[in-house]
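Coordinate inspection notes
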Amino acid sequence: MAAASLSPRARYREQTRAEIKEIALKQLAEGGTASVALTRIAKEVGLSGPALYRYFDSRDALLTDLVRDAYADLGAAVAAAADALATDAARRMRLRTLATAVRLWAIAHPHRYLLIEGTPVPGYTAPPDTLESARAVLGPFLACFEEAGPAPSVQPLVDQMTTWAREDTAVAEWARGHVSTDSEGTALAGAVLAWTQLHGAVSLEVSGQFRGMGHDGGTLLTAQMDSLADTFALD
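Reading guide: rules and limits
Residues numbered from 1 in each chain as written. Predicted model: local features only at pLDDT ≥ 70, side-chain atom pairs only at ≥ 80, totals over all residues. Heavy atoms only, no water. Helix = DSSP H or I, 4+ residues; strand = E, 2+ residues; numbered from the N terminus. Contact = heavy atoms within 4.5 Å. Areas by Shrake-Rupley, 256 points an atom, 1.4 Å probe, with all protein chains shown as cover. Lys, Arg positive; Asp, Glu negative; His and termini not counted. Charge placed at Lys NZ, Arg CZ, Asp CG, Glu CD. Buried < 20%, exposed > 50% of the residue type's maximum accessible area, 1.4 Å probe, protein only. Arc of directions from axis to C-beta. Salt bridge = Lys/Arg side-chain N within 4 Å of Asp/Glu carboxyl O. Axes fitted to C-alpha atoms, helices over the stretch in contact; angles between N-to-C directions. Parallel < 35°, antiparallel > 145°, perpendicular 65-115°, else oblique. Nonpolar A, V, L, I, M, F, W, Y, C, P; charged D, E, K, R; others polar. Phe/Tyr/Trp six-rings, centres within 6.5 Å; stacked < 30°, edge-to-face > 60°.

A look at the overall build of the protein
Within the protein, the secondary structure is distributed over eleven helices and zero strands. Moving toward the C terminus, one meets the helices and strands of the protein in the order α-α-α-α-α-α-α-α-α-α-α. Relative to all contacts within the protein whose residues are 6 or more apart in sequence, the contacts with residues 24 or more apart total 75%. For the protein, the computed accessible surface area is about 12,000 Å², with 54% contributed by carbon and sulfur atoms. Side-chain charges of the protein comprise 21 positive and 28 negative groups, with the mean position of each set lying 9 Å from the other.

Printed below as a string of structure tokens:
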């Protein structure tokens, strides 16, 4: 619903929720998830503790909104990178471009990236719909590996992914939204390996672990994606 069509009360509610989330993100950036405190947020917004619970009934509910927003923004960044590619772009270049989009978003929003991809928050369980959000981020990577030629070293993983798609209809439907049926196992294996390498490198970079190591994360990421492209014989 457009903001202009909301009642004054509804607009105030949405504005207050947005302000609460903005303050929570600031706390997240300052000290991680452990620093997100509803009592401190209430004080900064100018609400009493009980009043704040009318907007978010728990800290977990607030974190869930932040997780959903982060996945949506990261997914949009990856989708935009995919849409900007030429239709005949080489798969190797497509893989590099998508990986770079994830890295640049993570560098710009390190606290949000670590919220969704970092150490799990103790006692917090994300709702099931965030799985679909995560798949939306990974989906464009699948197309990079359609009709690829995986090396023998990764064939066992391809076989496992093929079985997974065969036994899980939700996974099969998701994969078929990006690749042909015959390429499901290869595409899933390639995307999972790409995400594993990408997440490892990006998480270390946004956590500051690359300082003083004599390289930048972009160069490392390109080398990783090119190595994976070689493994799958991408053009």
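Comments concerning unusual backbone geometry
Phi angles above zero are rare outside glycine, and E147 is one such case at about 60 degrees. Within the element layout of this structure, E147 appears in the loop between α7 (129-142) and α8 (155-167). Phi angles above zero are rare outside glycine, and A233 is one such case at about 55 degrees. Mapped onto the fold, A233 is located in the segment after α11 (217-231). Exposure remark for A233: the relative accessible area of 47% places this residue in the partly exposed category.

What to know about helix α2 (residues 38-45)
Of all the positions in α2, only L38, I41, A42 and V45 are classed as buried. All buried residues of α2 project into a common sector of 100 degrees when viewed along the axis, lining one side. In α2, the exposed positions angled more than 90 degrees off the buried face are occupied by T39 and K43. The elements touched by buried residues of α2 are α1 (8-31), α3 (49-52) and α4 (59-84). At the C-terminal side of α2, G46 shows a positive phi close to 90 degrees.

Some remarks on the environment of A61
One can find A61 in helix α4. It is 12 Å that separates the C-alpha atoms of A61 and A37, two residues lying 24 residues apart in sequence.

Some remarks on the side chain of R103
For R103, the location among the structural elements is in helix α5 (residues 91-108). Look at R103 and you get buried, because its relative accessible area is 13%. Setting aside residues no more than four positions away along its own chain, R103 makes contact with V202, E205, D216, G217, G218 and L221.

Here's the deal with the pattern of salt bridges
Following the criterion strictly, the structure yields 13 salt bridges and no others. Residue E44 pairs with K26 through a salt bridge whose shortest N-O separation is 2.7 Å. Of the two residues, E44 is situated in helix α2 and K26 in helix α1; the sequence distance between them amounts to 18 residues. Overall, E44 belongs to the partly exposed group, its relative accessible area being 42%. Note that R112 and D73 form a salt bridge whose closest N and O atoms lie 2.9 Å from each other. Here R112 is found in helix α6 (residues 110-117), whereas its partner D73 is found in helix α4, with 39 residues between them in sequence. Three or more residues are tied together by salt bridges with common partners; here these are R17, K21, D65 and D69.

Some details on the packing of α4 against α6
At a minimum axis separation of 9 Å, α4 and α6 run at an interaxial angle of 105 degrees. With respect to each other, α4 and α6 are oriented roughly perpendicular. For the pair α4 and α6, the contacting residues are L63, L66, V67, D69, A70, Y71, D73 and L74 in the first and R112, L115, I116 and E117 in the second. Its residues assigned to classes, the contact of α4 with α6 comprises eight nonpolar, no polar and four charged.

Some points on the packing of aromatic side chains
Counting across every chain of the model gives two aromatic pairs. Ring centres of F141 and W195 lie 6.3 Å apart, and the angle between their planes is 80 degrees; this geometry places the pair in the edge-to-face category. Highlighted residues: F141 in helix α7 and W195 in helix α10 (residues 184-206), separated in sequence by 54 residues. Across the pair, W195 and F141 agree in class, each one buried. Relative to F232, the ring of F145 lies with its centre 5.0 Å away and its plane at 70 degrees, an arrangement referred to as edge-to-face. Of the two residues, F145 sits in the loop between α7 and α8 while F232 sits in the segment after α11, which places them 87 residues apart along the sequence. Per residue, the accessibility class of F145 equals that of F232, and both read buried.

Geometric values such as these leave the question of function open.
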